[in-house]
Amino acid sequence: DAKTTQPTSMDCAEGRAANLPCNHSTISGNEYVYWYRQIHSQGPQYIIHGLKNNETNEMASLIITEDRKSSTLILPHATLRDTAVYYCIVRVAVYTGNQFYFGTGTSLTVIP
Amino acid sequence: EPEVTQTPSHQVTQMGQEVILRCVPISNHLYFYWYRQILGQKVEFLVSFYNNEISEKSEIFDDQFSVERPDGSNFTLKIRSTKLEDSAMYFCASNYHQETQYFGPGTRLLVL
């Protein structure tokens, strides 16, 4: 089962930063936080992941609280193409692989 | 940039028929996965595969399902006798080790 809680939906004005929150209060010390997104019914697309420190790549920034119980994905300048469902996932790692358990995610709509 | 590919993109079949969904994972990856997404629902883990054997499977992955890596490049999901409720998007994913999974574009299966 998904170990995260996200708002069902959010709107963001085009060109503005989109801040998507996620709660993962039961996260274990060796579990990473991953963010994926899904545009329409396409395959989930990897965005970013982190363990403790804040992370940034060409797509987004990930801010993880010091207690690791929550995180925020930041899309710095949202475009219409960022309209998608965003999934925050805590990775459950097992020896021979790692299943990803997807929740219902946050449906982000970028408004012109 | 390497990608996971899947064929066919769409498959329509009659109830009770066998279907094989094909995936070509990223070439140096070692772990392979199948997920499915029923229309309007969450992405659900089906099975993971490593070193030519199933490493983990969900309760969805019953005796009607099987996976195979018949050669060095393909990874297949077979449904022996399809049911109406097998209609869904099926996503293949792969990774090198216990980190980011990369998803294919999916196969839309419709069982009539």
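Scroll up a little and you will see the structure.
Residue positions are given per chain, counted from 1 along the sequence in the order it is written. Following the order in which they are written, the chains are lettered starting with A and the ligands numbered starting with 1. With the structure being a predicted model, the display of local features is reserved for residues of pLDDT at least 70 and the display and counting of side-chain atom pairs for 80 or more, all residues being used for whole-chain, interface and lining totals. Each side-chain value is derived from all of the structure's non-hydrogen atoms; neither hydrogens nor water enter the calculation.

Glancing now at the environment of B:A88. Residue and element names in this part refer to chain B. Counting from the N terminus, the helices are DSSP H or I runs at least four residues long and the strands are E runs at least two residues long. In this structure, A88 sits in strand β9 (residues 88–95). Separated by 51 residues in sequence, A88 and Q37 have C-alpha atoms that sit 5.5 Å apart. Here, two residues are considered to be in contact whenever any of their heavy atoms come within 4.5 Å of each other. Among all residues touching A88, those that are not within four sequence positions of it are R36, Q37, I38, T107, R108 and L109.

What follows covers the packing of aromatic side chains. Only rings of Phe, Tyr and Trp enter the pairing, Trp through its six-membered ring, and a pair is recorded when the two centres are within 6.5 Å. The plane angle decides the type: under 30 degrees is stacked, over 60 is edge-to-face, the rest tilted. In this structure the tally under the stated criterion is 20 aromatic pairs over all chains. Each ring, one from B:F32 and one from B:F75, has its centre 5.5 Å from the other, and the planes form 40°; the classification is tilted. With a gap of 43 residues between them, B:F32 in strand β4 (residues 31–37) and B:F75 in strand β8 (residues 75–79) connect regions that are remote in the sequence. When the centroid spacing of 6.5 Å and the interplanar angle of 35° are considered together, the rings of B:Y33 and B:Y35 count as tilted. When its relative accessible area of 0% is taken as the criterion, B:Y33 is described as buried. An aromatic cluster of three or more residues is present, and its members are A:Y32, A:Y34, A:Y36, A:Y46, A:Y87, A:F100, A:F102, B:Y33, B:Y35, B:F45, B:Y102 and B:F103. Any residue under 20% of the maximum accessible area for its type is buried, any over 50% is exposed, and the rest in between are partly exposed; the area is computed with a 1.4 Å probe on protein chains only.

On to the state of the cysteines. Any two cysteine sulfur atoms within 2.5 Å of one another count as a disulfide. Under the definition given, this model contains two disulfides over all chains. Residue A:C22 pairs covalently with A:C88 via a disulfide, S to S 2.1 Å. Looking down the S-S bond of the A:C22 and A:C88 bridge, the torsion is -80°, so its handedness is left-handed. With A:C22 in strand β2 (residues 18–23) and A:C88 in strand β8 (residues 84–90), this pair connects stretches of sequence that are 66 residues apart. The two residues A:C22 and A:C88 agree in class, both being buried. Disulfide partner of B:C23: B:C92, at an S-S distance of 1.9 Å. Residues B:C23 and B:C92 are joined by a disulfide whose S-S torsion is about -65°; by sign, that bridge is left-handed. Here B:C23, found in strand β3 (residues 19–24), pairs with B:C92, found in strand β9; they are 69 residues apart in sequence, far enough to count as distant.

The interface is formed by 22 residues belonging to chain B together with 22 residues belonging to chain A. Accessible-area loss on putting two parts together, using a 1.4 Å probe and summing over both, is the definition of buried area adopted here. For the pair chain B and chain A, the two sides together bury roughly 1800 Å², of which 53% comes from carbon and sulfur. Here, a salt bridge means any Lys or Arg side-chain nitrogen found within 4 Å of an Asp or Glu carboxyl oxygen. Where chain B touches chain A, the interface holds zero salt bridges. Counting of polar contacts relies on pairs of N or O atoms within 3.5 Å, with two restrictions inside protein: one atom must be capable of donating a hydrogen and the other of accepting it, and residues adjacent in sequence are counted only when both atoms are side-chain atoms. The tally of links between chain B and chain A comes to four residue pairs in polar contact (both at pLDDT 80 or more). The set of elements that each furnish at least two residues to the side of chain B that touches chain A consists of β4, β5 (43–50), β6 (53–57) and β9 of chain B. At four residues, the largest contribution of residues to the side of chain B that touches chain A is made by β4(B). For this classification, the nonpolar set comprises Ala, Val, Leu, Ile, Met, Phe, Trp, Tyr, Cys and Pro, the charged set comprises Asp, Glu, Lys and Arg, and every other residue, Gly included, is treated as polar. For the side of chain B that touches chain A, a count of residues per class yields 10 nonpolar, eight polar and four charged.

All right, on to the pairing of strand β7 (residues 65–68) of chain B then. Residue and element names in this part refer to chain B. Two strands qualify as a pair provided DSSP detects at least 2 bridges between them. Both β7 and β8 contribute to a ladder of four bridges, which runs antiparallel. Counterpart to E68 in the pairing with β8 is T76. In textbook terms, the turn of a hairpin is the stretch between consecutive antiparallel strands, and for β7 and β8 this stretch comprises six residues.

With that out of the way, let us pick up the pattern of salt bridges. Per the stated rule, a full pass over the model turns up three salt bridges over all chains. One salt bridge connects A:R37 with A:D82, and the closest N-O pair in it is separated by 2.8 Å. Placement of A:R37 in strand β3 (residues 33–38) and of A:D82 in the loop between β7 (70–75) and β8 is noted, with a sequence separation of 45 residues between them. For A:D82, a relative accessible area of 11% corresponds to the buried category. Two residues, B:R36 and B:E44, come together in a salt bridge whose shortest N-O distance is 3.2 Å. Given the relative accessible area of 10%, B:R36 is considered buried.

Residue and element names in this part refer to chain B. Summarising burial for β8: four of the five residues are buried, a large majority. Pairing between β3 and β8: five bridges, direction antiparallel. Looking at β8, one finds that L21 is bridged to L77.

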